[in-house]
Amino acid sequence: MSVNETLAKTNPWQSFSGLNLGYVDEQYDKFLEDPDTVDPTLRDLFDKWGRPKSIAENPFKVHPNPEYGAAENSFDLDQAVGAVRLAERIRTYGHLLAHVNPLGEHHIVETHLMDLAAFNLSPKKLKAIPSRVVWAEAPDEVRNALDVVNYLRDLYSRSLAYEFSHVQDLKEKKWLNEAIERKRFQSKMSDIEKRILLKQLGKVETFEHFLHKTFVGQKRFSIEGLDVLVPMLDKLIQCGVADGTKQIMISMAHRGRLSVLAHILGKPYEKIMAEFVHAPIKSMVPSEGSKGINYGWTGDVKYHLGAARSIEEGNKKYLLQYTGDGNAAQGPFQVKVTLANNPSHLEVVDPVIEGYARAAQDNREKEGYPDQDTEKAFTIMIHGDAAFPGEGVVAETFNLSRLKGFNTGGTIHIIANNQLGFTTDQEDGRSTAYASDLAKGFEVPIVHVNADDPEACLSAIRLAYQYRKTFRKDFLIDLCGYRRYGHNESDDPEATQPLLYHAIHNHPTVCSLYEKRLEDENVVNGEELKKYRKHLVDKLQLIYNKSREEQKKGLKETPFPKKLAEPLDHIQTKVPIDELKDLNRQLLDWPEELHVYPKLARILKRRETALNGGRKIDWGLGESLAFASILKDGTPIRFTGQDVERGTFAHRHAVLHDVDSGISYSPYHYLNGVRTSFDIRNSPLSETAVIGFEYGYNVFAPETLDIWEAQFGDFANVGQVMFDQFVTAGRAKWGQKSGLVILLPHGYEGMGPEHSSGRLERFLQLSAENNWVVANLTTPAQYFHILRRQASILNSDVVRPLVIMTPKSLLRHPKATSSPEDLSEGHFRSIVEEPLTGGDPAKVRRLALCSGKVAVDLEVEIAAGSANLEWLHILRVEELYPFPGETLKKFFGKYPGLREIVWLQEEPKNMGAWSYIEPRLRSILPAGIDLSYIGRPQRSSTATGEPEFHKQEQRRIISETLQKTLN
């Protein structure tokens, strides 16, 4: 038996070498801290054999190849193991040595921890160890262990730094190691490519300088200090084009947006210049300027606007035309590049473009769940270094990245790192060493790169793209640069960062640095770039002069689109009773082999006779028939939110689970004649990101009925910025159409301040210009028809979002039911009359208006009582916005003896609909009619926390409504 075989039998570590040995040794350190963090197999080996280097304690000496010149023709295994550990230390912490800050400032680190002395290593002894002993994949030129250490220290301390020790997947980690250490993606650019890159940097710099000089003090959020971002984006686009990607989605905040619009999205200089000419100069800080030119009717500032462009074969107008990569696309291709509109809330656009991408990847033209192809589209997110760790939506969006209902096959993230917030230093803005550290929790590989080294930046792009392509996961590039001016160009940063800006003012631009580098390489001469810059300045000056002439013609306000003012009451939403019965039968016709939870099966099977007559249709059945009929009409449905498959209140059960196997089954996937998708997904415990995702999905797939449901209505509070900036105002600001449906469970059942209110008042406050529909419904038929109406207006000029205050206790309330005829013969009604009141219009003195659950409470009280209520009539206002004023006026005219109108609500007076509806009611009140309020007084909290107090208040407001005060 050989010596190696003997060692293998006596010690398992003999079979490990190089990276594997270093990895196992690293795991042993974790084992000492917490055994449970280590794989059970390794844990057993550690228990039995101890640290892997125990093989070095064997006195046996290994004999290397004599050409390495080792003393005594042998080497010390302690030195070999130490070299492996040092190599791993360099791989893990080498980023601390790297030169990634263009201003020359570095972290203060204990670099001796990566020196030979820290591991008791001898240069002479390391030379005696063949490189393959400590690094099995070492390049041929790396001959011994000392070469390994020097090679890795040099590789990991340049202008590219790597962090991926937090990546747990061994396959990914090995791929990353080999890609970096074999230098697979480092730039090998021809002289022509280098000149083109220099020209592009000059183009960006000249454009920014011209704007700075021409529009003094106007905000543009200059890219200067991160100029290389533009060619980096172009390289990413080229990679996607070469692989046949059809859609590339980009999100970014303000910094550098104008240069990206001009040079990546192809927005004409003429349009950008016109927006500057028409915008008055503002000096307020940090206010962000005035209206620009865009496609909405109210507008937005120029550095919030998005754009889209198509790149086709033969179109040479898009940026860098690198050659020599060997992967140029062959044959016709077309890719659409989209830069999303983004407000000043910085990172809130992140989930929106993920929704764009998922919509582009999904094939909804089949039954069941959509088929996803992650190669059809990918996303690029450009973050700010202050916002990335500071905004919670970033973490929420990362959390979506591997969930089956939300993943997009990997996003490439770039932190546009200018080392400064508005006026806040890094040490005051985050608790982590790097701005990028948040990504470590999601095992995202990270590269830090010096923005003054353009070729290294393009290497980072190649690595990021190939990782995403290989593993379908996110990758992050921390682009380390600086901010040439203040937060905006009317801001003086030297008041708060004098030392930093002294360094910046004395620091040459990346274009001048790269030009000097290419001159030293004899690639360019000093005149080449100078001529190009002069040509571009002359062109920009001509455009500016023309824009000034156009300004004299005046700026006209964009009119509100007339289509949005059209009512929707003409839309037919009824479905023949036979079709409803057939759909209902199919929804309950499960496969015999599916073993549904018996209790649930009994509940659902009750629906079999619900369409045979009477008021037996509850909320859940009304919804299921709406969904099934919409699918049959050819409209795909996407439905997400916390617990939507079952429903928070167990009324939906759109996905059934086999009690024996756990296999899931959705009856909506097996409807006869349906050839469109039903995509229902439980979401993570997130509001902001998921609302943004669904908004983006809906904008990009306008033919899809996209629904988001809150677990409770007040959960929408957390996503308020999405409603404020996107859902309610996206069309007015950017011309961006959406038909997103928002379901918010709302109603006062004595359960306390939380989960009572869906904050109806906030949505009504945001209502204007027919920007959406806000409804508070009381019957399944109303819900059925409003969903079908929403599906019918998708992808049209009259489309708008729909916000519904949905019920909780009414889900199974006997008074909140509908008849089959209500679905097959009815339609949506903005006003619903209470059938137990108003029998003789001539006797009506009080008209009580209300909305939602309190209307059903009134009906219950009336049905249980014996009082004569001929003096009272009750109207349920089911659609609050648009305000049904004309319909109400018709009702008012029906009662000749009407003396007063009251508004009843269960919410406090400063909440609910009262503040919204009072002035609107007063504007249409008949002469001599009083208007009064019945409800809870003003409160700071939405509801009482004591159930008995709630019941007392509820009894009071119902009693006041039913108490006659006038003769």
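Scroll up to find the structure this text is about.
If you're wondering where the values come from, they're calculated on a predicted model, not measured in any experiment. Residues take numbers from 1 onward in each chain, read along the sequence in its written order. Local features are withheld for residues below a pLDDT of 70 in this predicted model, meaning they are given only at 70 or higher, and side-chain atom pairs are given and counted only at 80 or more; totals for whole chains, interfaces and linings count all residues. For the side-chain quantities, the full set of heavy atoms in the structure was used; hydrogens and water were omitted.

1. Let's talk about the overall build of the protein chain
- Numbering of helices and strands starts at the N terminus; helices are DSSP runs of H or I of at least 4 residues and strands are runs of E of at least 2. The helix and strand tally for the protein chain stands at 33 helices and 24 strands.
- Buried residues are those whose accessible area, probed at 1.4 Å on protein chains only, stays under 20% of the maximum for their type, while exposed residues exceed 50% and partly exposed ones sit between those limits. Evaluated residue by residue, the protein chain yields a buried proportion of 58% over its 967 residues.
- A contact between two residues is defined here by any heavy atoms of the two lying within 4.5 Å. A fraction of 80% describes how many contacts in the protein chain between residues 6 or more apart in sequence connect residues 24 or more apart.
- When the accessible area of the protein chain is evaluated, it comes to approximately 39,900 Å², of which 49% is carbon and sulfur surface. To measure how exposed things are, a 1.4 Å probe is used in the Shrake-Rupley method; for residues, cover is taken only from the protein chains shown.

2. Some words on the sheet that holds strand β21 (residues 872–877)
- Taken together, the five strands give an open sheet; going across it, the order is β19-β21-β20-β23-β24, and neighbouring strands pair in mixed fashion. The outermost strands of the open sheet, each flanked by one partner alone, are β19 (831–833) and β24 (930–936). Neighbour-to-neighbour, the strand axes of this sheet turn through a mean angle of 25°, independent of strand direction.
- In this description, strands pair whenever DSSP reports at least two bridges between them. As paired elements, strand β20 (residues 846–850) and β21 share five bridges and run parallel to each other. Its bridge partner lying in β21, C850 is registered against R876.
- In the packing of helix α32 (residues 914–922) onto the sheet, the strands contacted are β20, β23 (900–908) and β24, and the crossing angle to β24 comes to about 170°. Here the axes come from fitting lines to C-alpha atoms, over the contacting stretch only for helices, and the angles between their N-to-C directions go from 0 to 180 degrees.

3. Details of the sheet that holds strand β22 (residues 879–881)
- Read from one edge of the open sheet, seven strands run β14-β11-β15-β16-β18-β17-β22, paired in mixed fashion. Pairing within the sheet leaves two strands with one partner each, and these edge strands are β14 (678–682) and β22. Each neighbouring strand pair of the sheet contributes to a mean axis angle of 20°, computed without reference to strand direction.
- As judged from the two bridges shared by strand β17 (residues 773–776) and β22, these two strands associate in the antiparallel manner. Residue pairing in the sheet places A775 in a bridge with E879 of β22.
- Most of the contacts of helix α28 (residues 780–792) go to strand β18 (residues 802–806), to which it runs at about 165°, and overall it touches β15 (705–709), β16 (741–745), β17, β18 and β22.

4. Here we look at the pattern of salt bridges
- Every case where a carboxyl oxygen of Asp or Glu lies within 4 Å of a side-chain nitrogen of Lys or Arg is listed as a salt bridge. Under the definition given, this model contains 47 salt bridges.
- Across the pair D115 and R153 runs a salt bridge whose closest N-O atoms are separated by 3.4 Å. Here the residue D115 occupies a position in the loop between α4 (77–93) and α5 (123–127), and R153 occupies one in helix α7 (residues 145–155), the gap between them amounting to 38 residues.
- One continuous salt-bridge network, built from bridges that share partners, spans K194, D453, E455, R517 and E521.

5. Concerning the side chain of S666
- Its location among the elements puts S666 in the loop between β13 (664–665) and β14.
- Judged by its relative accessible area of 4%, S666 is buried.
- Setting aside its immediate chain neighbours within four residues, S666 contacts A654, V655 and F678.

6. Re empty space enclosed by the protein
- Buriedness of a pocket was judged along seven lines, with at least five required to meet protein on both sides within 12 Å; pockets are open sets of points on a 1 Å grid over the protein atoms alone, cavities are sets where a 1.4 Å probe fits but cannot get out, and lining residues have an atom within 4 Å of a point. Grid points are joined across faces, edges and corners, and a volume is the space filled by probe spheres set on the points. Within the structure shown, the criterion is met by 12 cavities of 30 Å³ or more.
- Approximately 110 Å³ is the volume attributed to the largest cavity.
- At the level of secondary structure, the elements contributing two or more residues to the lining of the largest cavity comprise α21 (577–587) and α23 (619–632).
- Classification used: nonpolar for Ala, Val, Leu, Ile, Met, Phe, Trp, Tyr, Cys and Pro, charged for Asp, Glu, Lys and Arg, polar for all others including Gly. Of the residues that constitute the lining of the largest cavity, the class distribution is nine nonpolar, three polar and two charged.

7. Things to note about the environment of G392
- When you line up the elements, G392 lands in helix α15 (residues 392–400).
- In this structure G392 comes out as partly exposed when scored by relative accessible area, which is 47%.
- C-alpha of G392 to C-alpha of E347: the two residues are 45 residues apart in sequence and 8.7 Å apart in space.

8. Overview of unusual backbone geometry
- In this model, Y881 is joined to P882 through a cis peptide bond whose omega is -5°.
- Located in the positive-phi region is R472, a residue other than glycine, with phi close to 55°.
- Here R472 is to be found in the loop between α17 (454–471) and β10 (475–480).
- A positive phi angle, close to 60°, is found at N522, a residue other than glycine.
- Here N522 shows up in the loop between α19 (510–520) and α20 (526–551).

9. Some points on the packing of aromatic side chains
- Pairing of aromatic rings covers Phe, Tyr and Trp, the last through its six-membered ring, and needs centres within 6.5 Å; plane angles under 30 degrees mean stacked, over 60 mean edge-to-face, and all others mean tilted. Following the criterion strictly, the structure yields 27 aromatic pairs and no others.
- Taking 5.9 Å as the distance between ring centres and 50° as the angle between the ring planes, the aromatic pair formed by F712 and F715 counts as tilted. By the burial criterion, F712 is buried, and F715 matches it.
- Taken together, the ring pairs in this structure connect W175, F185, Y467, F471 and F475 into an aromatic cluster.
- Criterion for a charge above a ring: Lys NZ or Arg CZ within 6 Å of the ring centre, and within 35 degrees of the ring normal. For R638, the ring lying beneath its charged end belongs to F406, and the centroid distance is 5.3 Å.

10. Examining the nonpolar core
- Residues belong to one nonpolar core when they are buried, are Ala, Val, Leu, Ile, Met, Phe, Trp, Tyr or Cys, and are joined through side-chain atoms within 4.5 Å. Ranked by internal contacts, the top residues of the largest apolar core, which has 108 residues, are V134, M232, I414, L463, I477 and L479.
- The greatest single-element share of this core, amounting to 10 residues, is contributed by α17.
- Setting aside its immediate chain neighbours within four residues, L463 contacts Y162, W175, A179, I180, F185, V447 and F475.
- Ranked by size, the runner-up nonpolar core spans 69 residues in total, among them V352, F406, Y697 and I742.

11. A short note on helix α8 (residues 170–181)
- To estimate the expected span of a helix, count its residues, drop one, and scale the result by 1.5 Å. Along its 12 residues, α8 runs 16 Å from first to last C-alpha, staying within 8% of the 16 Å computed at 1.5 Å per residue.
- Taken together, the buried residues of α8 touch α4, α7, β1 (160–163), α17 and β10.
- Identification of polar contacts relies on pairs of N or O atoms within 3.5 Å, with a donor-acceptor requirement for protein atoms, meaning one able to donate a hydrogen and the other able to accept it, and with residues adjacent in sequence counted only if both atoms are side-chain atoms. You can read the cap of α8 off the contacts: a side-chain oxygen lies 2.9 Å from the backbone nitrogen of K171, and it is on D169.
- After α8 finishes, the residue K183 shows a positive phi value of roughly 55°.

12. What to know about the state of the cysteines
- Any pair of cysteine sulfurs within 2.5 Å is marked as a disulfide. The full count for this structure, using the stated rule, is zero disulfides.
- Summary of cysteine pairing: C457 is not part of a disulfide, and the nearest cysteine sulfur, belonging to C480, is at 9.1 Å.
- The exposure class of C457 is buried, given its relative accessible area of 0%.

13. A few points about the packing of helix α9 (residues 191–214) against α19
- Interaxial distance between α9 and α19 falls to 9 Å at its minimum, and their mutual angle equals 155°. In terms of orientation, α9 lies roughly antiparallel with respect to α19. As α9 packs across α19, the resulting crossing turns out to be left-handed. Seen from α9, the contacting residues are K194, R195, L197, L198, L201, G202 and E205; seen from α19, they are V510, C511, Y514, E515 and L518. Every angle not falling under 35 degrees, over 145, or within 65 to 115 is termed oblique; those three ranges are roughly parallel, roughly antiparallel and roughly perpendicular. By convention the crossing between two helices is left-handed if the near helix lies anticlockwise of the far one by an angle smaller than a right angle, and right-handed if it lies clockwise.

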